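Residue strings, one per chain:
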Amino acid sequence: MAIDVIRDVAKPILAGFGITGRRLKHPKVTVQYPEQTREQYPRTRWRHFLTRYESGLERCIGCSLCAGACPARCIYVEAAENTDQERYSPGERYAKRYEINMIRCIFCGYCQEACPTGAIVLRKNFELADYKRESFVYTKEMLLEEYPGQADEPYVSIYQRQS
Amino acid sequence: MSQSPDTPNLRFSAKAVAELESLKTHYPNLKACILPALWIAQREYGGHLPPEAIAEVAHRLKRSPAEVQGVATFYSMYNTGHKPGRHMIEVCTCLTCSVCGAWDVAAYLEQKLGIKMGETTPDGMFTLHGVECLNACDRAPLIQVGDEYHGPMDEQKIDALLERLRNEPESKVVALADALVQVHLKEEEREKARRAAEAVRN
Amino acid sequence: MARKTDAPPVNITINGIDLQVPKGELIVESVKRLGLEIPIFCYHPRMKPVGMCRMCLVEVGMKQPDGSVRKMPKPQAACTLPASEGLVIFTDTEQIHKDRKGVLEFLLINHPLDCPICDRGGECPLQNNTLFYGPSTSRFVEMKRHAVKAYPLSKHVTLDLERCIQCGRCVRFTEEISGDAQLAFRHRGAEMQPVTFELEEFTSKFSGNTIEICPVGALTSSHYRFRARPWDLETAPGICTMCSNGCNVWFDRRKGKLVRINGRTNEAVNEEWTCDKGKFGTDWMNNPRRASDVKVRRGDGFSRADWAEAYAEILERFREGGHEVAGLAGPMLSNEDLYLLRRMFDETFGSSNLDHRMTSVQGPAVEPPSFTIEGLEDEKGAFVFGASLSDESPIVYLRLRKAWYRQGARICVATSRPDDADAFAAVSVRYPQGGEAEFLRSLVAELRVQLEGGRSFGELADLASTLLETRGPILATESLWNLDQAGEVLAQLRLAAELLGVSLNVMALGANGQGAEELGVRPDAFDRTGLGTRQILEACADGRIRALWLAGVDPFEAFPDRSLVQRALENVEYLVVQTALETEAAAYASVVLPITAPGESDGSFTNVERRVQAFEKAVDPPAEAKPAWRVFSELMVRAEPRTPHFSAREILAEIAREVPAFQGVEWSAARDGGVLLGARRPLSRARS
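Residues numbered from 1 in each chain as written. Chains lettered and ligands numbered in written order. Predicted model: local features only at pLDDT ≥ 70, side-chain atom pairs only at ≥ 80, totals over all residues.

### Structural notes on the overall build of chain A
Moving on, step 1. If you tally the helices and strands in chain A, you get 4 helices and 5 strands.
Moving on, step 2. For chain A, the α and β elements follow one another from N to C terminus as α-β-α-β-β-α-β-β-α.
Moving on, step 3. Projected onto its principal axes, the C-alpha positions of chain A cover 95 × 35 × 30 Å.
Moving on, step 4. Within chain A, the proportion of its 163 residues that are buried is 23%.
Moving on, step 5. Within chain A, residue pairs in contact and separated by at least 24 positions form 70% of the contacts whose partners lie at least 6 positions apart. (Helix = DSSP H or I, 4+ residues; strand = E, 2+ residues; numbered from the N terminus. Buried ≥ 20, exposed ≤ 12 C-beta atoms within 10 Å, placed from the backbone. Contact = placed C-beta atoms within 7 Å.)

So this is what it looks like as structure tokens:
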């Protein structure tokens with residue numbers, strides 16, 4: 001009887017504690033979010049940003065190719081013509097309105113893939129939660145914010161990328 | 001055809017009008033008559049084909065001015081650009097002439113006249129142009145002035161030629177245009193044009 | 001175009017498949033019979049081939065007596081190669097693939113490849129052909145040619161010279177189709193420019209078509225510039241309602257708003273062309289001054305109301321109004337609108353004071369036009385009287401010009417002012433303004449003389465003899481009712497038509513003017529007697545008419561006598577204005593009812609050749625706007641219990657049952673190509 005108790009109850013418990021005990025030596029994998037954040041993988045795709053040239057002009061030319069490529073149909077672009085008085089981008093055309101509906105977006109990165117000027121990029125900012133649905137429609141002004149580390153990051157055109 | 005109610009300013013002389021009327025009968029339609037009509041215009045407008053001249057030809061041939069301008073701007077012998085000088089000096093720059101020193105001739109002319117190729121002297125006397133082969137390689141390096149060939153050229157000959165041209169009262173450019181008009185006409189048609197011109201004079 | 005031809009058939013072989021085609025047919029067309037495609041840029045089926053772009057190269061061989069095929073050493077351009085007996089064509093060989101790659105590489109050498117910002121990008125033949133047939137890379141690393149970008153050729157057309165591949169389609173269009181020859185190639189060679197003379201304004205009345213046929217983005221629309229990309233657009237078939245020709249068009253909309261109109265092919269009507277008025281004249285649909293709310297007058301101002309309130313007020317004034325109420329109908333109302341409008345006036349209001357004609361005189365009914373637009377092409381001639389066709393009836397103008405250009409038809413023009421048609425007219429005669437009747441009297445006299453074997457001298461005699469030789473239809477427009485002696489002019493025209501044994505066609509000018517005639521929206525139709533437009537306005541001015549209904553018309557704009565309109569609208573007690581825009585007349589209104597513009601609701605229109613063409617809603621209407629027929633139907637239901645109408649289709653079916661002229665008209669047929677109305681119907685008992 002006592003032997004049964006030891007075999008069926010005490011031994012498994014001790015074996016279990018043994019595993020726990022051995023694990024104590026292993027390094028810790030949980031992080032204390034939000035105080036700590038885990039480093040993200042290099043190709044992580046989250047929030048979109050619209051980038052600028054060094055001259056300060058917008059890279060976006062309002063071509064709508066991102067909207068065409070988007071499988072979730074979440075991008076809306078309205079283009080207009082640059083004038084010498086009001087110049088936003090180097091060529092003839094710029095985006096007067098540029099909106100992304102973040103609720104619809106599936107973060108596939110096709111927009112970045114389609115962009116001929118490298119204007120739209122997906123970066124690692126993943127904390128996108130909010131309280132209102134309307135605030136998920138990111139306007140051009142929001143998207144033109146500089147993302148952390150943008151200044152240090154050299155721009156590589158898709159045509160220069162190593163394959 | 002465009003229906004511009006305002007007819008262009010017509011400057012053809014009575015002789016030119018008579019010549020054009022004869023020329024029209026040479027061709028199955030008026031479109032085919034554009035080239036000789038442009039020669040008449042070039043003569044009448046003093047060796048130059050400004051837009052007004054093209055508009056006049058278009059009006060007289062009932063074609064659209066755009067079409068006539070398209071034809072005129074294709075051929076390098078129609079002077080649709082700036083107004084050329086009294087004489088047009090054309091330096092052959094093709095192979096044989098180049099080998100025999102055409103570029104030296106050109107450089108000497110440029111220095112002597114103080115203009116670059118394609119320009120006209122400020123006094124409106126000479127226009128300098130480089131042209132492709134003039135088909136007289138035996139006389140390389142060759143210069144063409146109006147319908148005259150001069151060659152082989154050297155600096156003395158150029159000096160003499162320029163001196164002679166300066167004293168020539170008649171524009172070689174206009175003379176060439178006139179020669180090309182006359183080539184198209186039969187003798188009786190030339191006579192008719194002469195009579196038309198005289199009728200106006202009297 | 002592939003019109004019926006009586007050329008004898010010849011046997012040719014394309015890619016190993018034997019087929020028979022008419023002798024002389026261009027190979028580029030024969031290939032389509034097999035469902036194959038040859039890439040093209042400069043070739044256009046409606047214009048003469050020129051072989052400028054070299055994109056349509058094919059390998060050609062001839063069958064030898066022993067059955068083998070001897071190929072020609074060099075490829076040929078399929079667009080200039082007529083079919084002949086024993087021709088063997090290869091469109092799919094190694095060599096041809098290589099040739100196409102070479103041609104495209106050359107074309108792209110100087111093309112700026114600014115596709116992302118080009119309005120043509122996404123629907124561009126150059127893009128498509130490069131994708132399907134072109135090289136994936138270019139060996140050209142030197143500087144590209146640079147030229148003017150975004151040069152405004154006119155207020156409609158923008159030219160981007162860098163993108164031009166010099167195919168000459170636009171140049172040939174202005175020369176062959178529109179006939180104004182305003183574009184030509186200047187500075188031919190490396191710097192070739194398809195531009196107007198001295199870069200003057202491109203004033204052609206058909207300039208919009210050059211945008212559509214340009215195979216690259218060299219000619220683009222100034223209005224559509226940067227407004228959308230092709231993949232943003234939703235496209236729906238529509239009918240242009242800017243004039244009575246009823247061109248078939250595509251409505252392209254983005255986010256429910258109309259951004260562009262393109263021509264839609266209908267061989268019987270507009271082929272594939274549109275005029276600039278139709279293509280660019282629709283900006284008013286997006287006008288911020290669109291009427292979008294029901295408004296009722298309260299004191300000096302308007303207050304918003306709901307439909308029920310407005311209906312109650314209207315019914316109080318109009319019901320059983322008899323001869324004290326009247327209505328005027330606009331040219332952009334559909335057949336369904338007009339039919340129910342007439343029924344409402346007949347049955348609910350008991351009034352025959354209903355008219356759609358906005359000419360200064362309303363005369364007795366004229367026989368409906370009997371020409372067909374397509375049929376004009378085969379006429380030996382035509383007599384255009386007193387009409388500037390290129391403005392008033394542009395598609396009829398293009399057909400007449402085509403008849404002259406292709407078959408040498410001899411067109412006679414008699415107008416008081418110089419006209420575009422003079423350029424190709426065999427005889428064009430001017431008469432002094434106001435001298436129309438006298439001119440026609442002397443023409444009729446001359447016709448009589450010539451019929452008896454005599455002939456006088458002068459241009460009138462030339463005109464008469466040409467008319468007698470060609471015996472083409474007489475074309476006039478309803479604007480002749482604005483003439484002082486309209487009745488006499490019409491009588492003389494009838495006489496001339498009788499002498500010549502040809503048809504007299506008085507063409508309607510409004511989009512559905514002909515439909516209004518057919519549906520009896522006029523006081524004397526169907527044996528009724530009422531007041532015509534001028535009488536209605538006069539009666540309003542002196543208080544005999546107490547309530548007036550303006551259905552989709554602003555008489556200030558449409559009616560020639562402005563002061564009469566003003567007196568009428570000031571003095572009429574109650575004024576209903578049904579309008580799409582806040583017009584001048586709306587300021588006088590007692591009730592403003594917003595209506596949908598054509599294209600914002602289903603409807604059918606009857607064009608100048610009596611073709612009923614239906615189309616479905618393509619654009620979203622502003623907030624409260626309703627189709628006019630719905631308003632009429634709802635009012636009739638409120639007046640007395642009856643079955644309401646639910647859709648335009650249903651009403652068209654009812655029209656087909658009730659109106660003899662519309663017998664057999666079905667919605668689906670009217671939508672797909674249109675239905676020509678059948679036999680002439682007796683319009684009124686009293687034909688003077």
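### Focus on the sheet that holds strand 16 (residues 301–304) of chain C
Residues and elements named next belong to chain C.
Moving on, step 1. The 7 strands lie next to each other as 16-15-26-25-24-17-18, forming an open sheet whose pairing is mixed. Both edges of this open sheet fall to strand 16 and strand 18 (354–355), since each of them pairs with a single strand only.
Moving on, step 2. Note: strand 25 (residues 574–579) against strand 26 (residues 591–594), 4 bridges, orientation parallel. Along strand 26, the bridge assignment pairs glutamine 578 with leucine 593. (Pairing = 2+ DSSP bridges.)

### Thoughts on helix 7 (residues 307–318) of chain C
For the α-helix, the turn length of 3.6 residues means that residues three or four positions removed from each other point alike.
Residues and elements named next belong to chain C.
Moving on, step 1. With 12 residues, helix 7 should cover 16 Å at 1.5 Å per step; its first-to-last C-alpha distance of 16 Å lies within 8% of that length.
Moving on, step 2. Looking only at helix 7, the buried set comprises Ala310, Tyr311, Ile314, Arg317 and Phe318. Taken end-on, helix 7 shows its buried residues confined to a sector of 130°, consistent with a single buried face. Opposite the buried face of helix 7, at more than 90 degrees from it, the exposed residues are Ala308, Ala312 and Glu316.
Moving on, step 3. In this fold, the buried residues of helix 7 make contact with strand 15 (295–298), strand 17 (325–329), strand 24 (547–551), strand 25, strand 26 and helix 18 (628–639).
Moving on, step 4. Of the residues trailing helix 7, glutamate 320 is marked for its positive phi of about 55°. (Expected span 1.5 Å × (residues − 1). Arc of directions from axis to C-beta.)

### Points about the domain arrangement of chain B
Moving on, step 1. For chain B, the assigned domains are domain 1 (14–81 + 174–201) and domain 2 (87–170).
Moving on, step 2. Spacing between the C-alpha centres of domain 1 of chain B and domain 2 of chain B amounts to 27 Å. (Domains from an automatic or database assignment.)

### A look at the interface of chain C and chain A
Moving on, step 1. Tallying the contact residues gives 9 residues for chain C and 13 residues for chain A.
Moving on, step 2. Of the residues contributing to the side of chain C that touches chain A, the split by class is 5 nonpolar, no polar and 4 charged. (Nonpolar A, V, L, I, M, F, W, Y, C, P; charged D, E, K, R; others polar.)

### Points about the sheet that holds strand 2 (residues 75–81) of chain A
All names here are of chain A.
Moving on, step 1. The sheet built from 3 strands is open, its strands ordered 2-3-5 with antiparallel pairing. Both edges of this open sheet fall to strand 2 and strand 5 (137–138), since each of them pairs with a single strand only.
Moving on, step 2. The sheet contact formed by strand 2 and strand 3 (residues 93–101) spans 7 bridges and is antiparallel. Opposite tyrosine 76, over in strand 3, you have glutamate 99 as the bridge partner.

### With respect to the confidence of the model for chain B
Moving on, step 1. On average, residues of chain B score 91 in pLDDT, and 97% of them reach the 70 mark or higher.
Moving on, step 2. Two summary scores accompany this predicted model of the complex, namely pTM at 0.91 and ipTM at 0.89. (pLDDT = per-residue confidence, 0-100.)

### Notes on the packing of helix 8 (residues 335–348) of chain C against helix 18 of chain C
Residue and element names in this part refer to chain C.
Moving on, step 1. Contact geometry of helix 8 with helix 18 gives a least axis separation of 8 Å together with a crossing angle of 25°. Considering the angle they form, helix 8 stands roughly parallel to helix 18. As helix 8 packs across helix 18, the resulting crossing turns out to be left-handed. Together, Glu336, Asp337, Leu340, Leu341, Met344, Glu347 and Thr348 of helix 8 and Ala628, Trp629, Phe632, Ser633, Leu635, Met636 and Ala639 of helix 18 make up the contact between the two elements.
Moving on, step 2. Here the residues of the contact of helix 8 with helix 18 sort into 9 nonpolar, 2 polar and 3 charged. (Axes fitted to C-alpha atoms, helices over the stretch in contact; angles between N-to-C directions. Parallel < 35°, antiparallel > 145°, perpendicular 65-115°, else oblique. Left-handed = near helix turned anticlockwise from the far one by under 90°.)

### Some details on the interface of chain B and chain C
Moving on, step 1. With 13 residues of chain B in contact, the opposing surface of chain C contributes 15 residues.
Moving on, step 2. When residues of the side of chain B that touches chain C are assigned to their parent elements, the largest contribution, 7 residues, is made by helix 4 (residues 65–74) of chain B.
Moving on, step 3. Looking at the side of chain B that touches chain C residue by residue, the classes come out as 6 nonpolar, 6 polar and 1 charged.

### Brief notes about the nonpolar core
Moving on, step 1. The biggest cluster of nonpolar side chains holds 199 residues, and the ones touching the most others in it are Cys56, Ala78, Ala329, Val384, Ile411 and Cys412 of chain C.
Moving on, step 2. With 7 residues, helix 10 (residues 394–407) of chain C is the largest single contributor of residues to this core.
Moving on, step 3. Setting aside anything within four residues of it in sequence, one finds cysteine 56 of chain C in contact with Val28, Ile38, Pro39, Ile40, Tyr43, Ala77, Ala78 and Cys79 of chain C.
Moving on, step 4. With 43 residues, the next largest nonpolar core counts Leu20, Trp39, Leu176 and Ala177 of chain B among its residues. (Core = buried A, V, L, I, M, F, W, Y, C linked by C-beta atoms within 7 Å.)

### Observations concerning the environment of phenylalanine 349 of chain C
All names here are of chain C.
Moving on, step 1. Of note, phenylalanine 349 is situated in the loop between helix 8 and strand 18.
Moving on, step 2. The sequence separation of phenylalanine 349 and arginine 319 amounts to 30 residues, and the corresponding C-alpha distance is 4.8 Å.
Moving on, step 3. Not counting the four nearest positions on each side in its chain, phenylalanine 349 is found in contact with Phe318, Arg319, Gly321, Val325 and Met344.

### Comments concerning unusual backbone geometry
All names here are of chain A.
Moving on, step 1. The step from tyrosine 33 to proline 34 runs through a cis peptide bond, and the omega angle for that step is 5°.
Moving on, step 2. Note that proline 34 resides in the loop between helix 1 (2–23) and strand 1 (48–50).
Moving on, step 3. The phi torsion at phenylalanine 107 lies on the positive side, around 55°, for a residue other than glycine.
Moving on, step 4. As for its position among the elements, phenylalanine 107 is in the loop between strand 3 and helix 3 (110–114).

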